[in-house]
Amino acid sequence: MATRLDVPRGGDASAWMFTGCVMDAWLRDTHRSTVRVMRAAGADVARPAHGGDCCGALHVHAGRTREAERLARRVIASMPGTAPVVVNSAGCGAVMKDYGRLLGTADAEAFSARVRDFSEWVVAEGVPAVRSAATAVVVQDPCHLRHVQRAHASVRTVLASAYDLVETDDDGLCCGAGGAYAVLQPELATGIRDRKADALRRARAGAIVVSANPGCMLHLRQAGLDVRHPADLLADVLMEKEPARGG
């Protein structure tokens, strides 16, 4: 059973961390890393109140628009105010930045303007002091981060001072996860993943792979790759102690 996440739910905060469903169920250690980095950057972090447990991204992908709209309204209500909403799942961040179009309301537009990918937020706030890990890391750009949010450069910025970043030669092609696509079309998704895995291994055999999306992470791990989130890699090399939380 997953242990509790040591972040207050709701209330005043200088930044929210969206917990979501897949990340919170299977990658909660990455949530802990995210909080550690955010606190090191000076943020007083809060997690959503009830209703912030699913962004509706998979519903949008499946054309289940009414359900996606209902979930979007719940998410917006779960994180009131004007503080940034930090998201460590590229797929979730992409759809949350699109709530304004999805719902067509001023409140949704205002909420979408607050949403930041984790690395994007860290760049804006200032990367915490880190020590060099002297480790090679191959960068895998999730489609929703590179082609939808266009925030993939931030991953490189936050990790550049600590890791030797290696690029692939396949120009950011898909890994095959595609939300629920890997479940619904496993044969085709596996073929796409094999192509991506080959590109990652060509870049640097045996190296850690960094990816900012849970679907990509879990899909590529099934190919035997060591895949980690930018928050985990950054948390591993933090030099400063976490500042005391307010309240």
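The structure under discussion appears in the preceding block.
Rules behind the numbers
- Residues numbered from 1 in each chain as written.
- Predicted model: local features only at pLDDT ≥ 70, side-chain atom pairs only at ≥ 80, totals over all residues.
- Heavy atoms only, no water.
- Helix = DSSP H or I, 4+ residues; strand = E, 2+ residues; numbered from the N terminus.
- Contact = heavy atoms within 4.5 Å.
- Core = buried A, V, L, I, M, F, W, Y, C linked by side-chain atoms within 4.5 Å.
- Buried < 20%, exposed > 50% of the residue type's maximum accessible area, 1.4 Å probe, protein only.
- Arc of directions from axis to C-beta.
- Polar contact = N/O pair within 3.5 Å; in protein donor to acceptor, adjacent residues only side chain to side chain.
- 1 Å grid on protein atoms, 1.4 Å probe; cavity = no way out; pocket = protein on both sides within 12 Å on 5 of 7 lines; lining within 4 Å.
- Points joined across faces, edges and corners; volume = space filled by probe spheres on them.
- Nonpolar A, V, L, I, M, F, W, Y, C, P; charged D, E, K, R; others polar.
- Pairing = 2+ DSSP bridges.
- Phe/Tyr/Trp six-rings, centres within 6.5 Å; stacked < 30°, edge-to-face > 60°.
- Disulfide = S-S within 2.5 Å.

With that settled, consider the side chain of His219. Here His219 shows up in helix H13 (residues 214-221). With sequence-adjacent residues up to four places away left out, His219 is seen in contact with Cys175, Gly176, Ala177, Ala182, Ala189 and Arg193.

Another point: the nonpolar core. One finds Met38, Leu159 and Leu234 to be the most contacted residues of the largest nonpolar core, which totals 34 residues. If near-sequence neighbours (up to four positions away) are discounted, Leu234 is found in contact with Val37, Phe118, Val122, Val127, Val130, Val158 and Leu159.

This paragraph deals with helix H8 (residues 118-125). An α-helix turns once every 3.6 residues. As a result, residues three or four positions apart point the same way. Among the residues of H8, those classed as buried are Phe118, Ser119, Trp121 and Val122. In an axial view of H8, the angular spread of the buried residues amounts to 160°, which keeps them on one side of the axis. Where H8 is buried, its residues meet strand S1 (15-17), helix H2 (28-40), strand S3 (85-87), strand S4 (115-117), helix H10 (153-159) and helix H14 (230-236). The opening residue of H8, the one whose side-chain oxygen lies 3.1 Å from the backbone nitrogen of Ser119, is Asp117. At the C-terminal side of H8, Gly126 shows a positive phi close to 110°.

To continue, consider the layout of surface pockets. Estimated volume of the largest pocket: approximately 690 Å³. Taken together, 35 residues line the largest pocket, and the ones lying closest to its centre are Leu58, Gly178, Gly179, Ala180 and Gly215. Elements with a contribution of two residues or more to the lining of the largest pocket: helix H1 (22-26), helix H3 (57-61), helix H5 (90-96), helix H9 (143-149), helix H11 (181-184), helix H12 (186-203) and H13. Per-element tally for the lining of the largest pocket: the top contributor is H13, with five residues. When the residues that make up the lining of the largest pocket are grouped by side-chain class, the tally is 21 nonpolar, 13 polar and one charged.

Turning our attention to the sheet that holds strand S2 (residues 45-46). Pairing in this open sheet of four strands is parallel, and the strands run S2-S1-S3-S4 from one edge to the other. In the strand order of this sheet, the two ends are held by S2 and S4, each with one partner. Relative to S4, S3 runs parallel, the two being bridged by three bridges. Bridged to Val85 within S4 is Val115.

With that out of the way, let us pick up the side chain of Thr34. Position of Thr34 among the secondary structure elements: in helix H2. The exposure class assigned to Thr34 is buried, which follows from its relative accessible area of 0%. Among the polar contacts listed, one links the side chain of Thr34 to the backbone oxygen of Thr30, at a separation of 2.8 Å.

With that settled, consider the pairing of strand S5 (residues 135-139). Across a regular strand the side chains alternate sides, sitting on one face of the sheet and then on the other. The element S5 is extensively covered by neighbouring structure, given that four of its five residues are classed as buried. Two strands pair when backbone bridges link them, and S5 and strand S6 (residues 163-166) are joined in this way by four bridges, in the parallel orientation. Within S6, the residue paired with Thr135 across the bridge is Tyr163.

Moving on to the packing of aromatic side chains. Given two aromatic rings, one states the distance between the centres and the angle between the planes to describe the pair. Counted according to the given criterion, the structure contains one aromatic pair. Note on Tyr99 and Phe111: the rings are 5.9 Å apart at their centroids and 20° apart in plane angle, and the pair reads as stacked. A residue pair is termed long-range when its members are at least 10 positions apart, and Tyr99 in helix H6 (residues 99-103) and Phe111 in helix H7 (residues 106-114) qualify at 12 residues. For Tyr99, a relative accessible area of 0% puts it in the buried group.

Below, the discussion takes up the state of the cysteines. This model, assessed by the stated rule, comprises zero disulfides. With no disulfide of its own, Cys174 lies 4.0 Å from the sulfur of Cys143, the closest cysteine sulfur.

Looking now at the environment of His152. Relative to the assigned elements, His152 resides in the loop between H9 and H10. Note on His152: relative accessible area 22%, which makes it partly exposed. C-alpha of His152 to C-alpha of Val166: the two residues are 14 residues apart in sequence and 14 Å apart in space. Once residues within four sequence positions are removed from consideration, His152 is found in contact with Asp141, Leu145 and Arg146.

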